[in-house]
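Breakdown of the fold
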Amino acid sequence: MLDITLRVRVHVDAWVAAQMDMGVCDAIERNAPAGKPAAVSAPHLPKVAGIDSTVPAPAHTAPLPPVPAPPPAPGMVIQDRLAGWVSDLTTLHELTERLIRTASLDDALDELLRAGAALVGARRGMVVLEPPDAPAGDGVFAAGSGPARTKGLGLSRADLGHIETVPREVTAYGSILEGRRRGGPVPSVPRPVAHPDLLADDALHPLHREVAVRLGYAASYTSPLATEESGTLGAAVWFYDEPAAPVERQTHLVGLYTRYATEHVARLLELERARATVATVAEELLPSRLPRVPGVRLAARHSAGPRGGGDWYDALPLPEGALGLAVGSVSGSGPSALAAMGRLRASLRAYAVMEGEDPVAVLSDLELLLRLTEPARTATALFAYAEPAVRKIVLAGAGHTPPLVIGDQRTEFVETSLSAPLGMLACWEAPSVELSAQPGETVLLYTDGLLRRTGDPMDRAFARLHSAAASVPKAARNDPAAIADHVLHTMLPKGLDRADGDEDVVLLAARFD
(Lines give C-alpha, C1' and ligand atoms only; values in the text may rest on other atoms or scores of the structure.)
Protein backbone atom coordinates (compact mmCIF):
# COMPACT_ATOMS: atom_id res chain seq x y z
CA MET A 1 0.00 0.00 0.00
CA LEU A 2 1.60 3.29 -1.11
CA ASP A 3 1.95 6.19 1.33
CA ILE A 4 0.76 8.98 -0.99
CA THR A 5 0.95 11.68 1.72
CA LEU A 6 4.64 11.15 2.45
CA ARG A 7 5.59 11.05 -1.23
CA VAL A 8 3.75 14.29 -1.98
CA ARG A 9 5.35 16.06 0.99
CA VAL A 10 8.88 15.05 0.03
CA HIS A 11 8.25 16.01 -3.60
CA VAL A 12 6.94 19.48 -2.67
CA ASP A 13 9.84 20.14 -0.27
CA ALA A 14 12.33 19.21 -2.92
CA TRP A 15 10.60 21.40 -5.52
CA VAL A 16 10.65 24.47 -3.21
CA ALA A 17 14.30 23.93 -2.37
CA ALA A 18 15.09 23.59 -6.07
CA GLN A 19 13.79 27.10 -6.60
CA MET A 20 16.43 28.32 -4.14
CA ASP A 21 19.39 26.15 -5.09
CA MET A 22 19.41 23.07 -7.34
CA GLY A 23 21.98 21.40 -5.08
CA VAL A 24 19.47 21.16 -2.23
CA CYS A 25 17.38 18.53 -4.08
CA ASP A 26 20.03 15.89 -3.65
CA ALA A 27 20.35 16.73 0.03
CA ILE A 28 16.60 16.39 0.56
CA GLU A 29 16.35 13.08 -1.27
CA ARG A 30 19.38 11.73 0.55
CA ASN A 31 18.05 12.70 3.99
CA ALA A 32 14.35 11.98 3.44
CA PRO A 33 13.06 9.06 5.65
CA ALA A 34 12.75 5.81 3.71
CA GLY A 35 10.17 4.12 5.93
CA LYS A 36 6.55 4.96 6.56
CA PRO A 37 5.20 6.43 9.79
CA ALA A 38 3.59 3.77 11.85
CA ALA A 39 0.67 5.96 12.78
CA VAL A 40 -0.21 6.42 9.16
CA SER A 41 0.18 2.80 8.02
CA ALA A 42 -1.46 1.08 11.01
CA PRO A 43 -5.03 -0.08 10.31
CA HIS A 44 -7.87 1.37 12.38
CA LEU A 45 -10.43 -1.01 13.87
CA PRO A 46 -14.00 -0.22 12.91
CA LYS A 47 -16.53 1.01 15.44
CA VAL A 48 -19.16 -1.59 16.33
CA ALA A 49 -22.57 -0.57 17.70
CA GLY A 50 -21.30 2.86 18.64
CA ILE A 51 -18.48 1.42 20.72
CA ASP A 52 -15.12 3.08 20.20
CA SER A 53 -12.57 0.38 19.56
CA THR A 54 -9.78 2.49 21.01
CA VAL A 55 -8.94 1.04 24.39
CA PRO A 56 -8.07 3.76 26.92
CA ALA A 57 -5.19 3.31 29.28
CA PRO A 58 -6.16 1.95 32.70
CA ALA A 59 -6.60 4.61 35.36
CA HIS A 60 -4.02 2.99 37.63
CA THR A 61 -1.36 2.98 34.93
CA ALA A 62 1.34 5.64 35.33
CA PRO A 63 1.28 8.37 32.59
CA LEU A 64 3.71 7.84 29.79
CA PRO A 65 6.61 10.31 29.51
CA PRO A 66 6.11 13.05 26.89
CA VAL A 67 7.32 12.14 23.47
CA PRO A 68 9.98 14.64 22.30
CA ALA A 69 9.20 16.53 19.13
CA PRO A 70 10.97 15.07 16.12
CA PRO A 71 13.92 17.14 14.88
CA PRO A 72 13.24 19.18 11.77
CA ALA A 73 13.98 17.48 8.53
CA PRO A 74 17.39 18.35 7.06
CA GLY A 75 15.66 19.73 3.99
CA MET A 76 13.73 22.25 6.05
CA VAL A 77 16.92 23.38 7.82
CA ILE A 78 18.57 24.01 4.46
CA GLN A 79 15.53 25.93 3.22
CA ASP A 80 15.49 28.13 6.33
CA ARG A 81 19.19 28.84 5.95
CA LEU A 82 18.80 29.71 2.29
CA ALA A 83 15.86 31.97 3.06
CA GLY A 84 17.99 33.81 5.63
CA TRP A 85 20.80 34.24 3.13
CA VAL A 86 18.43 35.59 0.50
CA SER A 87 16.93 38.02 3.01
CA ASP A 88 20.39 39.28 4.03
CA LEU A 89 21.50 39.70 0.43
CA THR A 90 18.31 41.58 -0.41
CA THR A 91 18.82 43.94 2.53
CA LEU A 92 22.46 44.49 1.60
CA HIS A 93 21.52 45.16 -2.03
CA GLU A 94 18.91 47.75 -1.06
CA LEU A 95 21.30 49.56 1.29
CA THR A 96 24.14 49.67 -1.23
CA GLU A 97 21.74 50.92 -3.92
CA ARG A 98 20.77 53.81 -1.66
CA LEU A 99 24.41 54.52 -0.93
CA ILE A 100 25.50 54.56 -4.57
CA ARG A 101 22.85 57.18 -5.35
CA THR A 102 24.55 59.69 -3.04
CA ALA A 103 26.56 62.22 -5.03
CA SER A 104 28.23 64.21 -2.26
CA LEU A 105 30.53 63.19 0.56
CA ASP A 106 28.23 64.49 3.30
CA ASP A 107 25.22 62.62 1.89
CA ALA A 108 27.26 59.40 1.64
CA LEU A 109 28.39 59.65 5.28
CA ASP A 110 24.82 60.29 6.45
CA GLU A 111 23.59 57.25 4.52
CA LEU A 112 26.46 55.15 5.91
CA LEU A 113 25.47 56.01 9.47
CA ARG A 114 21.78 55.26 8.90
CA ALA A 115 22.41 51.94 7.17
CA GLY A 116 24.99 50.80 9.70
CA ALA A 117 22.68 51.62 12.60
CA ALA A 118 19.95 49.50 11.01
CA LEU A 119 22.34 46.59 10.47
CA VAL A 120 23.79 46.49 14.00
CA GLY A 121 20.57 47.47 15.77
CA ALA A 122 21.80 50.77 17.22
CA ARG A 123 20.05 54.13 17.50
CA ARG A 124 22.95 56.60 17.38
CA GLY A 125 26.29 56.77 15.65
CA MET A 126 29.27 58.84 14.61
CA VAL A 127 31.65 58.69 11.67
CA VAL A 128 35.14 60.21 11.70
CA LEU A 129 36.68 60.73 8.27
CA GLU A 130 40.40 61.49 8.14
CA PRO A 131 41.66 60.35 4.74
CA PRO A 132 45.35 60.58 3.89
CA ASP A 133 46.35 62.24 0.64
CA ALA A 134 49.18 59.85 -0.17
CA PRO A 135 51.61 57.55 1.63
CA ALA A 136 54.66 59.30 2.98
CA GLY A 137 58.06 57.73 3.33
CA ASP A 138 58.25 54.15 4.65
CA GLY A 139 54.53 53.65 4.16
CA VAL A 140 53.53 56.11 6.87
CA PHE A 141 50.40 58.06 6.07
CA ALA A 142 50.16 61.81 6.45
CA ALA A 143 46.97 61.85 8.48
CA GLY A 144 44.72 64.86 8.49
CA SER A 145 45.87 66.09 5.09
CA GLY A 146 42.57 65.23 3.41
CA PRO A 147 39.14 66.82 3.91
CA ALA A 148 38.64 65.60 7.52
CA ARG A 149 35.16 65.79 9.02
CA THR A 150 32.99 64.30 11.76
CA LYS A 151 29.27 63.62 11.39
CA GLY A 152 26.74 62.23 13.81
CA LEU A 153 23.46 60.30 13.75
CA GLY A 154 21.13 61.20 16.62
CA LEU A 155 23.92 63.32 18.12
CA SER A 156 24.04 67.11 18.19
CA ARG A 157 27.16 69.16 17.57
CA ALA A 158 27.46 69.58 21.33
CA ASP A 159 27.29 65.79 21.80
CA LEU A 160 30.02 65.28 19.23
CA GLY A 161 32.06 67.94 21.02
CA HIS A 162 31.77 65.99 24.29
CA ILE A 163 32.91 62.79 22.58
CA GLU A 164 35.89 64.58 21.05
CA THR A 165 37.06 65.64 24.54
CA VAL A 166 37.90 62.01 25.28
CA PRO A 167 41.60 61.37 24.55
CA ARG A 168 41.72 59.78 21.13
CA GLU A 169 44.19 57.07 22.10
CA VAL A 170 41.73 55.53 24.58
CA THR A 171 38.85 55.29 22.07
CA ALA A 172 38.26 52.49 19.59
CA TYR A 173 38.07 54.80 16.57
CA GLY A 174 41.24 56.55 17.74
CA SER A 175 43.15 53.27 17.91
CA ILE A 176 42.03 52.45 14.37
CA LEU A 177 43.13 55.82 12.98
CA GLU A 178 46.40 55.85 14.91
CA GLY A 179 47.16 52.27 13.89
CA ARG A 180 47.63 53.16 10.23
CA ARG A 181 50.67 55.23 11.11
CA ARG A 182 52.34 52.12 12.44
CA GLY A 183 51.51 50.05 9.37
CA GLY A 184 53.99 48.55 6.95
CA PRO A 185 54.32 49.31 3.25
CA VAL A 186 50.86 47.76 2.73
CA PRO A 187 48.79 48.62 5.82
CA SER A 188 46.53 45.81 6.98
CA VAL A 189 42.81 46.41 7.36
CA PRO A 190 41.99 47.06 11.04
CA ARG A 191 39.49 44.81 12.78
CA PRO A 192 36.21 46.11 14.24
CA VAL A 193 36.04 46.71 17.98
CA ALA A 194 33.02 45.88 20.18
CA HIS A 195 32.47 47.21 23.70
CA PRO A 196 29.34 45.35 24.88
CA ASP A 197 29.33 46.98 28.35
CA LEU A 198 31.38 50.13 28.65
CA LEU A 199 30.42 51.05 32.19
CA ALA A 200 31.35 47.59 33.50
CA ASP A 201 34.86 47.91 32.06
CA ASP A 202 37.22 48.74 34.93
CA ALA A 203 39.90 49.85 32.44
CA LEU A 204 37.62 52.50 30.87
CA HIS A 205 39.17 55.97 30.93
CA PRO A 206 37.43 58.18 33.54
CA LEU A 207 36.69 60.91 31.02
CA HIS A 208 35.27 58.32 28.60
CA ARG A 209 33.05 56.99 31.40
CA GLU A 210 31.86 60.52 32.23
CA VAL A 211 30.94 61.24 28.59
CA ALA A 212 29.14 57.89 28.23
CA VAL A 213 27.03 58.61 31.32
CA ARG A 214 26.33 62.17 30.18
CA LEU A 215 25.17 61.10 26.70
CA GLY A 216 23.42 57.95 27.92
CA TYR A 217 25.15 55.18 25.95
CA ALA A 218 26.32 51.93 27.52
CA ALA A 219 27.89 50.01 24.61
CA SER A 220 29.48 50.70 21.25
CA TYR A 221 30.55 48.95 18.08
CA THR A 222 33.32 50.50 15.96
CA SER A 223 33.95 49.51 12.36
CA PRO A 224 36.91 50.78 10.31
CA LEU A 225 36.38 52.42 6.94
CA ALA A 226 39.26 50.62 5.31
CA THR A 227 40.16 48.36 2.41
CA GLU A 228 43.46 47.12 1.04
CA GLU A 229 43.09 49.36 -2.01
CA SER A 230 41.94 52.58 -0.32
CA GLY A 231 43.73 52.28 3.01
CA THR A 232 42.14 53.49 6.23
CA LEU A 233 39.92 56.48 5.55
CA GLY A 234 38.24 56.70 8.93
CA ALA A 235 35.99 54.83 11.35
CA ALA A 236 32.29 54.56 12.16
CA VAL A 237 30.98 54.10 15.72
CA TRP A 238 27.46 53.08 16.68
CA PHE A 239 26.19 53.53 20.24
CA TYR A 240 23.71 51.40 22.23
CA ASP A 241 21.56 52.75 25.04
CA GLU A 242 21.90 49.48 26.97
CA PRO A 243 24.71 46.89 27.19
CA ALA A 244 24.58 45.03 23.90
CA ALA A 245 26.67 43.76 21.02
CA PRO A 246 25.81 42.74 17.46
CA VAL A 247 25.62 39.01 16.77
CA GLU A 248 27.86 37.29 14.25
CA ARG A 249 25.35 37.66 11.41
CA GLN A 250 25.08 41.42 12.02
CA THR A 251 28.84 41.94 12.18
CA HIS A 252 29.24 40.01 8.92
CA LEU A 253 26.65 42.16 7.15
CA VAL A 254 27.96 45.48 8.47
CA GLY A 255 31.48 44.40 7.52
CA LEU A 256 30.43 43.78 3.93
CA TYR A 257 28.54 47.07 3.83
CA THR A 258 31.34 49.20 5.27
CA ARG A 259 33.86 47.74 2.82
CA TYR A 260 31.62 48.73 -0.07
CA ALA A 261 30.94 52.12 1.53
CA THR A 262 34.68 52.71 1.91
CA GLU A 263 35.23 52.28 -1.83
CA HIS A 264 32.34 54.65 -2.57
CA VAL A 265 33.65 57.25 -0.12
CA ALA A 266 37.12 56.94 -1.66
CA ARG A 267 35.68 57.74 -5.09
CA LEU A 268 33.83 60.75 -3.71
CA LEU A 269 37.01 61.92 -2.00
CA GLU A 270 38.90 61.83 -5.27
CA LEU A 271 36.09 63.76 -6.93
CA GLU A 272 36.07 66.36 -4.16
CA ARG A 273 39.83 66.80 -4.39
CA ALA A 274 39.58 67.22 -8.16
CA ARG A 275 36.83 69.82 -7.75
CA ALA A 276 38.89 71.70 -5.18
CA THR A 277 41.87 71.69 -7.53
CA VAL A 278 39.77 72.96 -10.43
CA ALA A 279 38.27 75.70 -8.27
CA THR A 280 41.73 76.74 -7.09
CA VAL A 281 43.06 76.93 -10.64
CA ALA A 282 40.01 78.91 -11.77
CA GLU A 283 40.41 81.39 -8.93
CA GLU A 284 44.10 81.84 -9.71
CA LEU A 285 43.25 82.67 -13.31
CA LEU A 286 40.86 85.43 -12.20
CA PRO A 287 41.77 88.78 -10.62
CA SER A 288 43.13 88.39 -7.11
CA ARG A 289 41.66 91.80 -6.22
CA LEU A 290 39.58 94.44 -7.94
CA PRO A 291 41.10 97.84 -8.77
CA ARG A 292 40.18 101.03 -6.95
CA VAL A 293 39.18 103.75 -9.37
CA PRO A 294 37.70 107.08 -8.19
CA GLY A 295 34.00 107.44 -8.89
CA VAL A 296 33.13 103.73 -8.98
CA ARG A 297 33.02 100.78 -6.56
CA LEU A 298 33.29 97.17 -7.71
CA ALA A 299 32.28 93.75 -6.42
CA ALA A 300 32.49 90.31 -8.04
CA ARG A 301 31.14 86.85 -7.30
CA HIS A 302 32.34 83.64 -8.96
CA SER A 303 31.23 80.04 -8.50
CA ALA A 304 32.94 77.34 -10.56
CA GLY A 305 31.10 74.22 -11.67
CA PRO A 306 32.30 70.73 -10.70
CA ARG A 307 34.07 70.14 -14.01
CA GLY A 308 35.61 73.60 -14.17
CA GLY A 309 33.92 75.79 -16.73
CA GLY A 310 35.35 78.74 -18.62
CA ASP A 311 33.37 81.67 -17.19
CA TRP A 312 35.51 84.65 -16.24
CA TYR A 313 35.49 88.34 -15.40
CA ASP A 314 38.01 91.15 -15.33
CA ALA A 315 38.34 94.78 -14.26
CA LEU A 316 41.43 96.81 -15.13
CA PRO A 317 42.33 100.47 -14.76
CA LEU A 318 43.00 102.27 -18.04
CA PRO A 319 44.68 105.59 -18.87
CA GLU A 320 43.01 108.91 -18.01
CA GLY A 321 41.01 107.46 -15.10
CA ALA A 322 39.02 105.07 -17.28
CA LEU A 323 38.03 101.55 -16.31
CA GLY A 324 37.67 98.41 -18.39
CA LEU A 325 35.02 95.85 -17.37
CA ALA A 326 34.74 92.43 -19.01
CA VAL A 327 32.88 89.15 -18.56
CA GLY A 328 32.93 86.10 -20.80
CA SER A 329 32.44 82.39 -21.16
CA VAL A 330 34.51 79.83 -23.07
CA SER A 331 32.81 76.75 -24.50
CA GLY A 332 33.59 73.41 -22.92
CA SER A 333 34.65 72.41 -19.43
CA GLY A 334 37.59 70.93 -17.63
CA PRO A 335 41.28 71.84 -17.69
CA SER A 336 41.29 72.73 -21.40
CA ALA A 337 38.47 75.24 -20.94
CA LEU A 338 40.24 76.75 -17.95
CA ALA A 339 43.43 77.14 -19.96
CA ALA A 340 41.56 78.72 -22.87
CA MET A 341 39.81 81.07 -20.47
CA GLY A 342 43.16 82.18 -19.06
CA ARG A 343 44.57 82.85 -22.51
CA LEU A 344 41.46 84.74 -23.62
CA ARG A 345 41.40 86.94 -20.53
CA ALA A 346 45.11 87.78 -20.86
CA SER A 347 44.66 88.66 -24.52
CA LEU A 348 41.67 90.89 -23.82
CA ARG A 349 43.66 92.79 -21.18
CA ALA A 350 46.36 93.52 -23.75
CA TYR A 351 43.87 94.69 -26.38
CA ALA A 352 42.02 96.80 -23.80
CA VAL A 353 45.19 98.65 -22.81
CA MET A 354 45.95 99.45 -26.45
CA GLU A 355 42.47 100.31 -27.76
CA GLY A 356 40.09 100.07 -24.82
CA GLU A 357 38.11 103.15 -25.79
CA ASP A 358 36.78 101.18 -28.77
CA PRO A 359 35.12 98.01 -27.38
CA VAL A 360 34.26 96.80 -30.92
CA ALA A 361 37.94 96.84 -31.90
CA VAL A 362 38.87 94.97 -28.71
CA LEU A 363 36.38 92.16 -29.43
CA SER A 364 37.31 92.06 -33.13
CA ASP A 365 40.96 91.47 -32.26
CA LEU A 366 39.96 88.86 -29.70
CA GLU A 367 37.81 87.04 -32.24
CA LEU A 368 40.67 86.99 -34.76
CA LEU A 369 43.04 85.56 -32.18
CA LEU A 370 40.55 82.87 -31.16
CA ARG A 371 39.83 81.89 -34.76
CA LEU A 372 43.54 81.59 -35.63
CA THR A 373 44.80 79.86 -32.49
CA GLU A 374 41.80 77.79 -31.37
CA PRO A 375 39.51 77.25 -34.38
CA ALA A 376 37.51 74.51 -32.67
CA ARG A 377 36.46 76.70 -29.74
CA THR A 378 33.86 79.45 -29.35
CA ALA A 379 33.37 82.05 -26.66
CA THR A 380 31.06 84.83 -25.58
CA ALA A 381 32.34 88.12 -24.22
CA LEU A 382 31.23 91.57 -23.21
CA PHE A 383 33.62 94.50 -22.82
CA ALA A 384 32.71 97.90 -21.40
CA TYR A 385 34.83 101.05 -21.43
CA ALA A 386 33.74 103.19 -18.48
CA GLU A 387 34.60 106.78 -17.60
CA PRO A 388 33.54 107.06 -13.95
CA ALA A 389 34.10 110.80 -13.77
CA VAL A 390 31.22 111.42 -16.21
CA ARG A 391 29.42 108.07 -15.61
CA LYS A 392 29.64 107.20 -19.29
CA ILE A 393 29.89 103.61 -20.52
CA VAL A 394 30.53 102.31 -24.05
CA LEU A 395 30.09 98.57 -24.42
CA ALA A 396 29.97 95.83 -27.03
CA GLY A 397 28.99 92.18 -26.71
CA ALA A 398 29.66 89.03 -28.69
CA GLY A 399 26.81 86.60 -28.09
CA HIS A 400 26.68 87.62 -24.43
CA THR A 401 23.79 88.37 -22.10
CA PRO A 402 22.88 92.08 -21.76
CA PRO A 403 23.93 94.05 -18.66
CA LEU A 404 21.37 95.15 -16.10
CA VAL A 405 21.11 98.68 -14.68
CA ILE A 406 19.85 98.83 -11.07
CA GLY A 407 18.85 102.13 -9.47
CA ASP A 408 16.18 103.87 -7.47
CA GLN A 409 14.39 105.12 -10.58
CA ARG A 410 14.87 102.18 -12.92
CA THR A 411 15.80 98.50 -13.19
CA GLU A 412 16.23 97.57 -16.83
CA PHE A 413 18.33 95.58 -19.26
CA VAL A 414 20.65 97.46 -21.58
CA GLU A 415 19.54 97.12 -25.20
CA THR A 416 22.60 95.68 -26.88
CA SER A 417 22.81 94.74 -30.54
CA LEU A 418 22.35 91.10 -31.50
CA SER A 419 25.70 89.47 -32.32
CA ALA A 420 27.23 86.04 -32.73
CA PRO A 421 29.72 84.50 -30.28
CA LEU A 422 33.40 84.78 -31.03
CA GLY A 423 34.73 82.11 -33.36
CA MET A 424 31.48 81.43 -35.21
CA LEU A 425 31.76 83.92 -38.10
CA ALA A 426 34.57 84.54 -40.59
CA CYS A 427 34.64 88.18 -39.54
CA TRP A 428 32.95 89.35 -36.36
CA GLU A 429 31.57 92.86 -36.11
CA ALA A 430 28.77 94.50 -34.15
CA PRO A 431 28.01 98.11 -33.20
CA SER A 432 28.72 99.39 -29.73
CA VAL A 433 26.16 100.83 -27.32
CA GLU A 434 26.58 103.95 -25.20
CA LEU A 435 25.08 104.17 -21.75
CA SER A 436 24.89 106.95 -19.15
CA ALA A 437 24.55 105.87 -15.52
CA GLN A 438 22.82 108.07 -12.95
CA PRO A 439 24.46 108.76 -9.56
CA GLY A 440 23.96 105.75 -7.29
CA GLU A 441 23.11 103.32 -10.11
CA THR A 442 24.80 99.96 -10.45
CA VAL A 443 25.60 98.21 -13.71
CA LEU A 444 25.51 94.43 -13.28
CA LEU A 445 27.42 92.18 -15.71
CA TYR A 446 26.91 88.42 -15.50
CA THR A 447 27.31 85.17 -17.44
CA ASP A 448 24.52 82.93 -18.66
CA GLY A 449 25.37 80.38 -15.96
CA LEU A 450 23.36 82.53 -13.56
CA LEU A 451 20.33 81.95 -15.76
CA ARG A 452 20.95 78.33 -16.68
CA ARG A 453 21.52 77.14 -13.14
CA THR A 454 17.94 78.07 -12.25
CA GLY A 455 16.68 75.33 -14.57
CA ASP A 456 14.04 77.64 -16.04
CA PRO A 457 13.58 78.53 -19.72
CA MET A 458 15.67 81.53 -20.69
CA ASP A 459 12.75 83.98 -20.94
CA ARG A 460 11.55 83.02 -17.47
CA ALA A 461 15.10 83.16 -16.11
CA PHE A 462 15.52 86.70 -17.47
CA ALA A 463 12.25 87.68 -15.79
CA ARG A 464 13.48 86.21 -12.51
CA LEU A 465 16.73 88.14 -12.80
CA HIS A 466 14.87 91.42 -13.39
CA SER A 467 12.61 90.72 -10.41
CA ALA A 468 15.59 89.86 -8.20
CA ALA A 469 17.37 93.09 -9.15
CA ALA A 470 14.27 95.19 -8.62
CA SER A 471 13.77 93.72 -5.13
CA VAL A 472 17.17 94.81 -3.80
CA PRO A 473 16.48 96.67 -0.52
CA LYS A 474 17.16 100.39 -0.59
CA ALA A 475 19.60 100.04 2.28
CA ALA A 476 21.69 97.61 0.21
CA ARG A 477 21.81 99.63 -3.00
CA ASN A 478 24.80 101.65 -1.84
CA ASP A 479 26.97 98.51 -1.65
CA PRO A 480 27.72 96.62 -4.90
CA ALA A 481 28.68 93.50 -2.92
CA ALA A 482 25.29 93.48 -1.17
CA ILE A 483 23.55 93.91 -4.53
CA ALA A 484 25.47 90.98 -6.05
CA ASP A 485 24.73 88.74 -3.04
CA HIS A 486 21.03 89.62 -3.05
CA VAL A 487 20.67 88.86 -6.75
CA LEU A 488 22.65 85.61 -6.43
CA HIS A 489 20.69 84.28 -3.46
CA THR A 490 17.35 85.36 -4.88
CA MET A 491 18.03 83.72 -8.22
CA LEU A 492 19.51 80.54 -6.74
CA PRO A 493 17.84 79.72 -3.42
CA LYS A 494 17.80 76.41 -1.55
CA GLY A 495 21.36 75.42 -2.26
CA LEU A 496 21.34 76.14 -6.00
CA ASP A 497 24.19 78.57 -5.44
CA ARG A 498 26.50 75.82 -4.16
CA ALA A 499 29.84 75.32 -5.83
CA ASP A 500 28.84 71.86 -7.08
CA GLY A 501 26.24 73.22 -9.53
CA ASP A 502 26.62 72.22 -13.15
CA GLU A 503 27.17 75.76 -14.48
CA ASP A 504 29.73 78.44 -13.69
CA VAL A 505 28.29 81.67 -12.32
CA VAL A 506 29.92 85.11 -12.60
CA LEU A 507 28.59 88.48 -11.41
CA LEU A 508 30.46 91.78 -11.71
CA ALA A 509 28.77 94.82 -10.17
CA ALA A 510 29.95 98.42 -10.70
CA ARG A 511 28.25 101.15 -8.66
CA PHE A 512 28.79 104.71 -9.90
CA ASP A 513 28.94 107.55 -7.37
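Placed above this text is the structure.
Quick look at the structure, then.

Reading the values: rules and limits
Residues numbered from 1 in each chain as written. Predicted model: local features only at pLDDT ≥ 70, side-chain atom pairs only at ≥ 80, totals over all residues. Heavy atoms only, no water. Helix = DSSP H or I, 4+ residues; strand = E, 2+ residues; numbered from the N terminus. Expected span 1.5 Å × (residues − 1). Buried < 20%, exposed > 50% of the residue type's maximum accessible area, 1.4 Å probe, protein only. Contact = heavy atoms within 4.5 Å. Pairing = 2+ DSSP bridges. Axes fitted to C-alpha atoms, helices over the stretch in contact; angles between N-to-C directions. Parallel < 35°, antiparallel > 145°, perpendicular 65-115°, else oblique. Left-handed = near helix turned anticlockwise from the far one by under 90°. Nonpolar A, V, L, I, M, F, W, Y, C, P; charged D, E, K, R; others polar.

Bringing helix 10 (residues 335–355) into the picture now. The terminal C-alpha atoms of helix 10 lie 30 Å apart, and with 21 residues this matches the ideal 30 Å at 1.5 Å per residue to within 8%. For helix 10, every residue scored as buried is listed here: Ala337, Leu338, Ala340, Met341, Gly342, Leu344, Arg345, Ser347, Leu348, Tyr351 and Ala352. On its buried side, helix 10 packs onto helix 9 (248–285), strand 7 (309–318), strand 8 (322–333), helix 11 (359–373) and strand 9 (379–387).

A few words on unusual backbone geometry. Even without a glycine there, the phi angle at Glu320 is positive, about 60°. Relative to the elements of secondary structure, Glu320 occurs in the loop between strand 7 and strand 8. For Glu320, a relative accessible area of 83% gives the class exposed. Positive phi is not limited to glycine here, since Arg391 has a value of about 55°. For Arg391, a relative accessible area of 25% corresponds to the partly exposed category.

Moving on to the sheet that holds strand 14 (residues 442–446). Taking strand neighbours across the sheet as the criterion, the 5 strands line up as 6-15-14-11-12 in an open arrangement whose pairing is antiparallel. Each having just a single partner strand, strand 6 (296–303) and strand 12 (411–413) make up the two edges of the open sheet. Sheet twist, expressed as the average angle between the axes of neighbouring strands with direction ignored, equals 15°. With 8 bridges connecting them, strand 6 and strand 15 (residues 505–512) associate as antiparallel partners. Of the residues in strand 15, the one forming a bridge with Val296 is Phe512. Lying on the sheet, helix 13 (residues 458–470) is in contact with strand 11 (404–406), strand 12 and strand 14; it crosses strand 12 at an angle near 150°. Sheet contacts for helix 14 (residues 480–491): strand 6, strand 11, strand 14 and strand 15; angle to strand 6, the most-contacted strand, approximately 35°.

Looking now at the packing of helix 13 against helix 14. For the pair helix 13 and helix 14, interaxial distance at closest approach is 9 Å and the crossing angle is 135°. The angle between the axes of helix 13 and helix 14 places the two elements in the oblique class. Taken as a pair, helix 13 and helix 14 cross one another with a handedness that is right-handed. Every residue of helix 14 that contacts helix 13 at Ala461, Arg464, Leu465, Ala468 and Ala469 is listed here: His486, Val487, Thr490 and Met491. A breakdown of the residues in the contact of helix 13 with helix 14 according to their chemical character gives 6 nonpolar, 2 polar and 1 charged.

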